[in-house]
Number of protein chains: 2
Amino acid sequence: MGKQKLTIRDIAKMARVSHMTVSRALNDDPRVREETRKRILELVNKLDYRPDARARIFSSKKSHLIGLVVSSISNPFYAELARGIEDKAHEQEYNVIFCSTENKSERTETYVHLMMDAGVDGFIFASSRLHEPVVEKLIDEHFPLVLVNRKLRGETCNYVVLNNVQGAYEITEHLINLGFEKIAIITGTSNLSTGIDRLKGYQLALRDYRMEFNENYVIQGPFTRETGYEGTKQLLTMKKRPEAIFGGNDYIAMGVIDAVEELGLHIPEDIALVGFDDNEFASNQRIRLTTVSQRKYEMGNMSVQILIDHIERKETDYTHRVILEPRLIIRESCGEKLWEKRKNKQPPGSEIEAFGSLDRM
Amino acid sequence: MGKQKLTIRDIAKMARVSHMTVSRALNDDPRVREETRKRILELVNKLDYRPDARARIFSSKKSHLIGLVVSSISNPFYAELARGIEDKAHEQEYNVIFCSTENKSERTETYVHLMMDAGVDGFIFASSRLHEPVVEKLIDEHFPLVLVNRKLRGETCNYVVLNNVQGAYEITEHLINLGFEKIAIITGTSNLSTGIDRLKGYQLALRDYRMEFNENYVIQGPFTRETGYEGTKQLLTMKKRPEAIFGGNDYIAMGVIDAVEELGLHIPEDIALVGFDDNEFASNQRIRLTTVSQRKYEMGNMSVQILIDHIERKETDYTHRVILEPRLIIRESCGEKLWEKRKNKQPPGSEIEAFGSLDRM
DNA sequence: CAGGGGAATGTTACCGGTAACATTAAAATA
DNA sequence: TATTTTAATGTTACCGGTAACATTCCCCTG
């Protein structure tokens, strides 16, 4: 059939102008006369001409493509982040290529190359490994990129992270303000900065409020439901049983619920509970969990914005650092309704050392 | 700096050959002498030359880019599907561009255009609307594409779907084989083909096993935890209380658990439960749910394979239809351990009308 | 009315690869 | 040895846009 794809020169011929005039008309160049433009656009519409994207990319040296590298797209954290990235990107006529590395370094390398081949204008990395040669190489070449929720050791780079110390501090403070004195924490392993930072925030809050820090009230393990379950069983068999539990993330908090219910106790009447992350199920459970929002969607938004700025301004340095402040999501798992305004302590002064161990992320 | 990006002609000059020889060497053309190739590749390595992706895409007319359109990336179903798609695509050196439409038609249109501009070689649509003008237009133009888990009314097109009727049939059969006679179903609204099909499978199984169909045992509502919760409360207050509940998806099954526990009953001792989907949390709960796998990851795999075939063979017709058979995931929520081999009925004949209402997907 | 200036449009080159055809040199054959 | 064949490499054009510079034409001004 006559499916011989139309080019800008075909249109030009039919409109009896040069191909440049057509190009200009299509790009809203103010130099073309209104009448000419109209004539051209009519033809373009009638023939349903669409400029060849590949040619355009090639000559303009811009793909409007962003590469997103996450460690696992099935992890709801990254899914939500991806949504934030994608929405913001599309808003500005950028497209997102993505891949998930499943935390394998060689996959990261393959994918980065694939994406370079696809011609991405920049990268967003939200995978979690510390030392990543490919990424470091990109940084050396000043290729536009942004790190989300992580930081490479020693490298200066654009990044967007959540202040985990602050978040843990505030949620602990929330418990303190409700009048709880025996507060336990069950949190993630000590080789993840998130775990470390949340524990740190918890400790700082206790310190600032001059509360006793009881080592037996700290339980660590992987960030899983199991950990919450086992940890809670352990805590609840202590003679000096805690009144409140801070689950290092919402999965752990789920495990806490399991154990508490199994022991025939109730949340929040018998024991208060907070989580961290604000996962979808945190609001969706019978027990509506008080937790800290990781603001994943916004992190996505911001990282894209930074990246696009970087790309379009052709900046050569990485100067954008965003530390998002956490946001408490107060629901009912601490008996907020029961205890409201029971006490409302003020911290006796002291500044928190927020965002302390960032460079271990 | 001398950061003047290297071209193939620069390499050529330094290797004292023509740029075509370099191009050939890089593309494993057997015509270049081994010695020459080595000399060129050494230079390429030393100078870290990478061919300009955009130029290559432009001249070869292939982007190796696949556009994936889902309705919501935060939905774990699509996340898992995306993973399947992505893995398979990368395996064959293809990249995936994605976007989620949040079920808005105008977004679909925008995104499809954006992706066309990015130069995708083909599309995978996993969004759920029935009538989508942009998609229909692509089909008219015989543009390579595959539909996943849906089918456009009246259009012939490549697709990959799960046999929901069969899945529901089998899981109902599972309950029947365990000896349950009063089996209720709580499932999704009747305007979703998945809901319809699962109900149909349930009915067919009852019919084939000559079991009574009790209308009061059918509860419909949105595919949410709420529906499961409310439905169960309703069911369990009936005088002729069901012994088993079939939750139309795992979210509904979660709600069933909530209600059952609230009433002080236990699963599976007092009531058996099955779900559908095999969501992550289905295995992760205290109550390990017996359910039906939607084989999301495999659906992703297959759809990519079909698409790439379509692209590379330059087929002009849509002839690939894949109907995946469901897979039962037997855990313990029906007391499988307790009841094993209690009875093991055989259906008294009759063929199931599998995959009945596909064209309403 | 010559010449300057700006608006509208045209010409040409170029981006960095690949494809098609051309050329050279060495090996095989007559 | 002349001639054909073939392997290895080279030349040129082209893909379909955009950028830079050139040209026309008309109007305005001194």
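Residues numbered from 1 in each chain as written. Chains lettered and ligands numbered in written order. Predicted model: local features only at pLDDT ≥ 70, side-chain atom pairs only at ≥ 80, totals over all residues. Heavy atoms only, no water.

What should I look at first to understand the protein's contact with DNA strand C in this one?
Taken together, 28 residues surround DNA strand C, and among them S18(A), R24(A), T36(A), R9(B) and S23(B) come closest. Considering the 4 Å shell around the protein, atoms of DNA strand C inside it are sugar or phosphate in 51% of instances. Take R31(A): an N or O atom from its main chain is 3.4 Å from a phosphate oxygen of DNA strand C. Listed by contribution, the elements that provide at least two residues to the surface near DNA strand C are α2 (19–26) and α4 (53–60) of chain A together with α1 (8–15), α2 (19–26) and α4 (53–60) of chain B. (Near = heavy atom within 4 Å. Polar contact = N/O pair within 3.5 Å; in protein donor to acceptor, adjacent residues only side chain to side chain. Helix = DSSP H or I, 4+ residues; strand = E, 2+ residues; numbered from the N terminus.)

Would you mind showing me how to read the interface of chain A and chain B here?
Put simply, an interface is often sized by how much accessible area is lost when its parts join up. Across the contact, 51 residues belong to chain A and 52 residues belong to chain B. Together, the buried faces of chain A and chain B total about 4,500 Å²; carbon and sulfur atoms form 50% of this surface. Of all residues in chain A, R54(A), F98(A) and R286(A) give up the largest surface area on contact with chain B, accounting jointly for 16% of the area buried on that side. Our count for the contact surface shared by chain A and chain B stands at 6 salt bridges. The partner of R54(A) in a salt bridge is D121(B), with the nearest N and O atoms 3.3 Å apart. Inspection of the region where chain A meets chain B yields 11 residue pairs in polar contact (both at pLDDT 80 or more). (Contact = heavy atoms within 4.5 Å. Buried area = accessible area lost by both parts, 1.4 Å probe. Salt bridge = Lys/Arg side-chain N within 4 Å of Asp/Glu carboxyl O.)

When you look at the nonpolar core in this model, what are you seeing that I'm missing?
Inside soluble globular proteins, nonpolar side chains tend to come together where they are buried. Of all hydrophobic cores here, the largest spans 145 residues; its most connected members are I124(A) and Y202(B). Counting residues in each nonpolar core, the second largest holds 46 residues, with V69(A), I97(A), A118(A) and F123(A) among its members. (Core = buried A, V, L, I, M, F, W, Y, C linked by side-chain atoms within 4.5 Å. Buried < 20%, exposed > 50% of the residue type's maximum accessible area, 1.4 Å probe, protein only.)

Which parts of the structure should I look at to understand the packing of helix α10 (residues 225–236) of chain B against helix α11 (residues 250–262) of chain B?
To describe two helices that pack against each other, one gives the angle between their axes and the distance between the axes. Residues and elements named next belong to chain B. As a packed pair, α10 and α11 sit with axes 6 Å apart at the nearest point and diverge in direction by 45 degrees. As summarised for this structure, α10 and α11 are arranged oblique, according to the angle between their axes. At the point where α10 passes α11, the crossing takes the right-handed sense. For the pair α10 and α11, contact is made by R225, G228, Y229, T232, K233 and L236 and by Y251, I252, M254, G255, V256, D258, A259, V260 and E262, respectively. (Axes fitted to C-alpha atoms, helices over the stretch in contact; angles between N-to-C directions. Parallel < 35°, antiparallel > 145°, perpendicular 65-115°, else oblique. Left-handed = near helix turned anticlockwise from the far one by under 90°.)

Would you explain the relation of the copies chain A and chain B in this entry?
In this arrangement, two copies of a chain are superimposed by a rotation about an axis accompanied by a shift along the axis. The transformation that overlays chain A on chain B combines an axial shift of 0.0 Å with a rotation of 180 degrees, and the residual RMSD is 0.2 Å. Within this description, the copies of the chain are treated as partners about a two-fold rotation axis. Within chain A, the C-alpha atom positioned nearest to the axis of rotation is that of I97(A), 2.0 Å from it. (Least-squares fit on C-alpha atoms with pLDDT ≥ 70 in both.)

Quick question: what am I supposed to make of unusual backbone geometry here?
Most peptide bonds take the trans configuration, and most residues that are not glycine carry a negative phi. Residue and element names in this part refer to chain A. For the peptide bond that leads from I267 to P268, omega is 5 degrees, which places it in the cis range. For P268, the position within the fold is in the loop between α11 (250–262) and β9 (272–274). One non-glycine residue, R295, lies in positive phi territory at about 55 degrees. Along the polypeptide, R295 turns up in the loop between β10 (291–293) and α13 (296–313). Using a relative accessible area of 16% as the deciding quantity, one classes R295 as buried.

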